[in-house]
Amino acid sequence: MRTLNLVTGATDGIGLETARQLSSLGATVLVHGRSEAKARTAAAQVKGAVPVWADLADLAQVRSLAAQVEREEGTLAVLINNAGVFLHERKTTADGRELTLAVNHDAPVLLTHLLLPRLRKAARARVVNVSSIAHSRGTVALDDLDLSGHFDGYTAYAQSKLANVLFTRELARRLGPSSTVTTYALHPGVINTKLLRTGFSAMAGASLADGAKTSVFCATAPELEGQTGLYYAAQREMGASRVAQDDALCAKFYLLSCQRVGVTPLPG
Ligand SMILES: NC(=O)c1ccc[n+]([C@@H]2O[C@H](COP(=O)([O-])OP(=O)(O)OC[C@H]3O[C@@H](n4cnc5c(N)ncnc54)[C@H](OP(=O)(O)O)[C@@H]3O)[C@@H](O)[C@H]2O)c1
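Procedures and definitions
- Residues numbered from 1 in each chain as written.
- Predicted model: local features only at pLDDT ≥ 70, side-chain atom pairs only at ≥ 80, totals over all residues.
- Helix = DSSP H or I, 4+ residues; strand = E, 2+ residues; numbered from the N terminus.
- Rg over C-alpha atoms; globule rule 2.2 N^0.38 Å.
- Buried ≥ 20, exposed ≤ 12 C-beta atoms within 10 Å, placed from the backbone.
- Pairing = 2+ DSSP bridges.
- Axes fitted to C-alpha atoms, helices over the stretch in contact; angles between N-to-C directions.
- Contact = placed C-beta atoms within 7 Å.
- Near = placed C-beta within 6 Å.
- Nonpolar A, V, L, I, M, F, W, Y, C, P; charged D, E, K, R; others polar.
- Parallel < 35°, antiparallel > 145°, perpendicular 65-115°, else oblique.
- Left-handed = near helix turned anticlockwise from the far one by under 90°.

**Re the overall build of the protein**
Helix and strand content of the protein: eight helices and eight strands. For 268 residues, the compact-globule formula gives about 18 Å, and the C-alpha radius of gyration of the protein, at 17 Å, lands near that figure. Considered along the principal axes of its C-alpha atoms, the protein spans approximately 50 × 40 × 35 Å. Across the 268 residues in the protein, those meeting the buried criterion constitute 50%.

As structure tokens, this is what we get:
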């Protein structure tokens, strides 16, 4: 039986390199792109990969992505929620959600919940959420998550990356310490990609090979067996920000997130 690893946003940057590295370790990688054409082009660059597609701003397309994954035979052992955007101007999805939060956080929440039954069929499975050091500058605007009052690109990005860490911690807590599904958040480093050039043009980034290392580490390292809900950088566990470790905020924000995407919260 083949082992499937799904990487979202695998058509460019860290995601494409992560897909390549996972494939070289023997996994069949499901290469996700925003369109069929982009996914097929990227999958052709990764040995043995299978293309899957969805615009992650659209919850119906996220559901269709989960259905595409369901149709693939094999053991789904890894889900890497990697896709991300940085926007300088406020944009909204067709259903009115702010686009940064929609793509960077809402889509991972929905996709993870939809794929959990499949992940639970594996002997062990990992959900890896690609966050950022920017999470430590983030706050969660609980009364205006879509930043309709005041929008700033960095504020939106930092909120969404904090959201990734909050979700990772709360998911781990609700799954429980003895779950076969474990979850990890990470900072990949400052890496030379489209997102870095768009959001942080003054910063020089390291190579894609470096950028994929911590994602691959969280997805595969045997020493992480049994760890869950933690935050990593440079292939080591690091303390997440103080706000990210606020258990009451994790719980409240998780319930709000489930409401935003229309899934039943896990018992907790
Ligand atoms: N680069 C860094 O220094 C850095 C630092 C910290 C964290 N990160 C995180 O690393 C992750 C990967 O980013 P990257 O730097 O590799 O950026 P990137 O090269 O711009 O790649 C982002 C990927 O996400 C996809 N994507 C964006 N919006 C999408 C949508 N609506 N639907 C489907 N796919 C969508 C992109 O597809 P398209 O090509 O079609 O747009 C692309 O495949 C992100 O979560 C980012 O926050 C990056």
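Now that the structure has been shown, we can carry on.
**Focus: the sheet that holds strand E4 (residues 75-81)**
One open sheet holds the eight strands; their spatial order is E3-E2-E1-E4-E5-E6-E7-E8, and the pairing between them is mixed. Because the sheet does not close on itself, it has two edges, and the strands there are strand E3 (50-53) and strand E8 (236-238). The average undirected angle you get between the axes of adjacent strands in this sheet is 30 degrees. Relative to strand E5 (residues 125-130), E4 is paired through four bridges, and the arrangement is parallel. Paired with Leu 79 across the strands is Val 127, a residue of E5. Taken strand by strand, helix H4 (residues 99-119) contacts E4, E5 and strand E6 (181-187), and its axis lies near 165 degrees from that of E4.

**Comments concerning the site of the ligand**
Around the ligand lies a shell of 27 residues, among which Gly 9, Gly 13, Gly 84, Thr 193 and Leu 195 are the nearest. Broken down by secondary-structure element, the contributors of at least two residues to the shell around the ligand are helix H1 (13-24) and helix H6 (194-199). Per-class residue counts for the shell around the ligand are 12 nonpolar, 10 polar and five charged.

**Side note on the environment of Ala 221**
Its location among the elements puts Ala 221 in the loop between helix H7 (208-220) and strand E7 (230-233). Accessibility expressed as a C-beta count within 10 Å gives 15 for Ala 221, which makes it partly exposed. Along the chain, Ala 221 and Thr 3 lie 218 residues apart, while their C-alpha atoms are 16 Å from each other.

**Considerations on the packing of H1 against H7**
One way to put it is that H1 packs onto H7 with a least axis distance of 8 Å and a crossing angle of 60 degrees. With respect to each other, H1 and H7 are oriented oblique. For H1 against H7, the interelement crossing comes out right-handed. Contacts between H1 and H7 involve Gly 13, Ile 14, Glu 17, Thr 18, Gln 21 and Leu 22 from the former and Leu 208, Ala 209, Gly 211, Ala 212, Ser 215, Val 216 and Ala 219 from the latter. Each residue belonging to the contact of H1 with H7 can be placed in one class, and the counts come to seven nonpolar, five polar and one charged.

**Here's the deal with the environment of Arg 120**
Relative to the helices and strands, Arg 120 is located in the loop between H4 and E5. Sequence separation between Arg 120 and Val 85 is 35 residues; the distance between their C-alpha atoms is 29 Å. In this structure, Arg 120 is in contact with Thr 180 and Val 181, ignoring residues within four places of it in sequence.

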